[in-house]
Amino acid sequence: MSRIAIVGGGNIGEALLAGLLRSGRQVKDMVIAERVPARASYLSEKYSVLVTGVHEAVENANIVVIAVKPSDVESVTAEIAEEAAKADPDSTEHVFVSVAAGVATAYYEAKLPAGSPVLRVMPNAPMLVGAGVSAIAKGRFATGDHLKEVAA
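Predicted, not measured: the structure shown is a model, and the values here were computed from it. (Residues numbered from 1 in each chain as written. Predicted model: local features only at pLDDT ≥ 70, side-chain atom pairs only at ≥ 80, totals over all residues. Heavy atoms only, no water.)

**Looking at the packing of helix H1 (residues 11–22) against helix H2 (residues 37–47)**
To be explicit about the condition: Helix axes are fitted to C-alpha atoms over the stretch in contact, other axes to C-alpha atoms as well, and angles between N-to-C directions run from 0 to 180 degrees. Numbering of helices and strands starts at the N terminus; helices are DSSP runs of H or I of at least 4 residues and strands are runs of E of at least 2. The scheme is simple: roughly parallel for angles under 35 degrees, roughly antiparallel for over 145, roughly perpendicular for 65 to 115, oblique for anything else. By convention, the crossing between two helices is left-handed when the near helix turns anticlockwise from the far helix through less than a right angle, and right-handed when the turn is clockwise. Two residues form a contact once any of their heavy atoms are found within 4.5 Å. Under the grouping applied here, Gly and all other residues not named as nonpolar or charged are polar, the nonpolar ones being Ala, Val, Leu, Ile, Met, Phe, Trp, Tyr, Cys and Pro and the charged ones Asp, Glu, Lys and Arg.
The N-to-C vectors of H1 and H2 enclose an angle of 15 degrees; their axes lie 12 Å apart at closest approach. Taken as axis vectors, H1 and H2 run roughly parallel relative to one another. Judged by the twist between their axes, the crossing of H1 over H2 is right-handed. Residues Asn11, Glu14, Leu17, Ala18 and Leu21 of H1 form the contact with H2, whose own contacting residues are Arg39, Tyr42, Leu43, Lys46 and Tyr47. Considering only residue class, the contact of H1 with H2 consists of six nonpolar, one polar and three charged.

Set out below in structure tokens:
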């Protein structure tokens, strides 16, 4: 099973976490990166999930979901890229998934290590109550297998 890091514990990040847990994902396979201490405490207490910084969250994740406000994408992507660049080439591949509005896959492909698979998922507002739909688009380096894994 993939280890999933959700970078950003706001409404969308929490909705994603809650949905993944409801679908049968194990809390041990999830990690949240959240900078706001009160929000980090809330998520940790409510879901019993590990809440940490960006570097620690990305380090052991297979799937990294970028769930921050568009204004925070640049700084968060720089941190993610720094950690991803340290990864052992023989380790499990990082797959990057963005749910940040208005940020194209090409942006991440230019900022992350060369050849990084990036997918963009646009959830809609009803996902906050567990009844939404999502559109998924793969970037240039994402494969059909990456698409299937993210869709699952």
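**Description of the pattern of salt bridges**
Oppositely charged side chains can form a pair if their charged atoms are brought close together. In plain terms, the rule: Salt-bridge detection follows one rule: a side-chain nitrogen of Lys or Arg within 4 Å of a carboxyl oxygen of Asp or Glu.
Summed over the entire model, instances satisfying the criterion amount to six salt bridges. Among the salt bridges present, the one from Glu83 reaches Lys86, with a minimum N-O distance of 3.5 Å. Taken as a pair, Glu83 and Lys86 lie in helix H4 (residues 73–86) at a separation of three residues, close to a single helical turn. Within the structure, one salt-bridge network assembled from shared partners comprises Glu14, Arg39 and Lys46.

**With respect to the environment of Glu93**
Applied cut-off: Residues adjacent in sequence count toward polar contacts only when both atoms are side-chain atoms; beyond that, a polar contact is any pair of N or O atoms within 3.5 Å, and within protein one must be able to donate a hydrogen and the other to accept it.
Tracing the backbone through its elements, the reader meets Glu93 in the loop between H4 and strand S5 (95–98). In this structure, the C-alpha to C-alpha distance between Glu93 and Pro117, residues 24 residues apart in sequence, is 8.7 Å. Non-local contacts of Glu93, meaning those with residues more than four positions away in its chain, are made with Asn62, Pro117 and His146. Polar contacts involving the side chain of Glu93 include one to the side chain of His146, which spans 2.7 Å.

**Let's talk about unusual backbone geometry**
Most peptide bonds adopt trans geometry, and most residues besides glycine take a negative phi value. For clarity, the threshold we go by: Remark: exposure states derive from per-residue accessible area (1.4 Å probe, protein chains only) relative to the maximum for the residue type, with buried under 20%, exposed over 50%, and partly exposed in between.
The phi angle at Ser48 is positive, at roughly 55 degrees, despite the residue not being glycine. Note that Ser48 resides in the loop between H2 and strand S3 (50–52). A relative accessible area of 57% means that Ser48 is categorised as exposed.

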